Amino acid sequence: MDVSWIPGNADAVVVGIAGLAGVAGTIAAVVRGRGAPSAPPTPPEADRPSSVVAPPATAEPTAPPAAPPSPPAVGDRVGVGEQLVTPVDTSGSITESPEAPESRFARLRSRLGGSLATVFRRGVIDADAYDELEEALLLADVGAGATDEILAAVRARLVKDPTTDPHLALRDALVDIVDPAADRSLALGAPGDGGARSVIVVGVNGVGKTTTVGKIARLLIAERHSVVLGAADTFRAAAADQLETWGARVGVPVVRSEREGADPASVAFSAAQRAVEDATDVVLIDTAGRLQNKQGLMDELGKIVRVVGKVAAPSEVLLVLDATTGQNGLAQARVFSEVAGLTGIILTKLDGTAKGGIVIAVQRELGVPVKFVGLGEGADDLAPFDAVAFVNSLVGTGE
């Protein structure tokens, strides 16, 4: 490069700049060369493998066949109309094995405590003894009318035969008023007949209806009935969740609504339809708690009973009463009986020693038998009512 025309020492600067430009150009060329992939060398004709066949130019890639939809897993919810059904394991195994019904009352009767066990034990039957008996009966929530009837029956027995043991005379009078001949069975037909008979469970808030429905399901499963549960308490999402838990425990499906406040009669209707379609023996329907003096809610309950009757006429309408409410429960029972046509009573929380007599009071008031009693929080602490065993537990005598 001729730099003689540049004055002074500036020629050295120009030469340096030119050199740097040349180096930069060389580096850029190298980088561009690395970024572009080079085609592999073509092997000679003789070296090409003869087993490789090129695909036709018009061939399209073949998509794999679509997999069939998987059936719903246990616990997943599937839509049925406007409702949802929680499927269950139908292989015949259940998470927990319910206790046989016939052994329940024998195991639980000891919890009633024998609240009348000490009556007439002084050996002298006088006015004080009868006063003591009257007080004990009233404290046991037998009620004034039933108490007078029992006192008269005991006196009549002792007058007829003065040698009779007064305690046994009391037992016999109680057995008569409790009425062991009353039909306390559920009108559900034979297990496996697929009759889709409906059982509607009603009551006020807080008596334990949802838990009772789950326990009845366990009883029916122990008797080899097939069951569908209907979560018609749509005002509490927790009630439907709780019923699903019970369904999973004993292996029965649950029909529910995902919408809080949905029409409970619609859910009950869908549950009854499901039972008919599947030839299920029993559909058990849980309802929302309602105060007996709220006319709108009581009318809604009447609608549930009517709507279910369009698919499967209710075989049973069971009122759940909290035994600890005593005589106050009778006011509830009267109104529910007028609206829903009760067929039976379930007394829960009957493990208090002073409240057993409500069985007598409610039967005498309504003319409707007590069919089940609840004696605790356990899953099997609901027992078919046994009149003789119940009286024996109150007075502290054997079978």
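The structure this text deals with has already been given above.
Owing to the predicted nature of the structure, the values given are computational and were not obtained by experimental measurement. (Residues numbered from 1 in each chain as written. Predicted model: local features only at pLDDT ≥ 70, side-chain atom pairs only at ≥ 80, totals over all residues. Heavy atoms only, no water.)

Draft legend 1. Structural context of the pattern of salt bridges. Considering all chains together, one arrives at 14 salt bridges under this definition. A salt bridge links D241 to R256, with the shortest nitrogen-to-oxygen separation between them at 2.7 Å. Placement of the pair is D241 in helix 7 (residues 237–250) and R256 in strand 5 (residues 254–256), with a sequence separation of 15 residues. By relative accessible area, which is 5% here, R256 ends up buried. A cluster of three or more residues bridged by salt bridges with shared partners is formed by D241, E244, R256 and E258. (Salt bridge = Lys/Arg side-chain N within 4 Å of Asp/Glu carboxyl O. Helix = DSSP H or I, 4+ residues; strand = E, 2+ residues; numbered from the N terminus. Buried < 20%, exposed > 50% of the residue type's maximum accessible area, 1.4 Å probe, protein only.)

Draft legend 2. Quick look at helix 4 (residues 144–160). Across its 17 residues, helix 4 extends 25 Å between first and last C-alpha, which sits within 8% of the 24 Å expected from 1.5 Å per residue. Where helix 4 is concerned, the buried positions are A146, T147, I150, L151, A153, V154 and L158. Buried residues along helix 4 cover an arc of 165° about the axis, so they all sit on one side. Opposite its buried face, helix 4 presents the exposed residues A144, V159 and K160, each directed more than 90 degrees away. Those residues of helix 4 that are buried are in contact with helix 3 (127–139), helix 5 (166–178) and helix 11 (358–366). (Expected span 1.5 Å × (residues − 1). Arc of directions from axis to C-beta. Contact = heavy atoms within 4.5 Å.)

Draft legend 3. Up close: helix 6 (residues 209–222). Under the 1.5 Å per step criterion, the end-to-end length of helix 6 is 20 Å for 14 residues, consistent within 8% with the ideal 20 Å. Taking burial as the measure, the 14 residues of helix 6 include 12 buried ones, the bulk of the element. Along helix 6, the residues that are buried comprise K209, T210, T212, V213, G214, K215, I216, A217, R218, L219, L220 and I221. R224 occupies a position one or two residues after helix 6 and carries a positive phi of about 75°.

Draft legend 4. Representation of the pairing of strand 6 (residues 282–287) within the structure. Buried residues dominate strand 6, accounting for 6 of its 6 residues. Neither face of strand 6 is exposed, since V282, L284 and D286 on one face and V283, I285 and T287 on the opposite face are all buried. Of the pairings in the sheet, the one linking strand 3 (residues 197–202) to strand 6 comprises 5 bridges and is parallel in character. Bridge pairing in strand 6 places V201 opposite D286. Sheet topology places strand 4 (residues 227–232) next to strand 6; 6 bridges connect them, and they run parallel. Bridge pairing links A231 to D286 in strand 6. (Pairing = 2+ DSSP bridges.)

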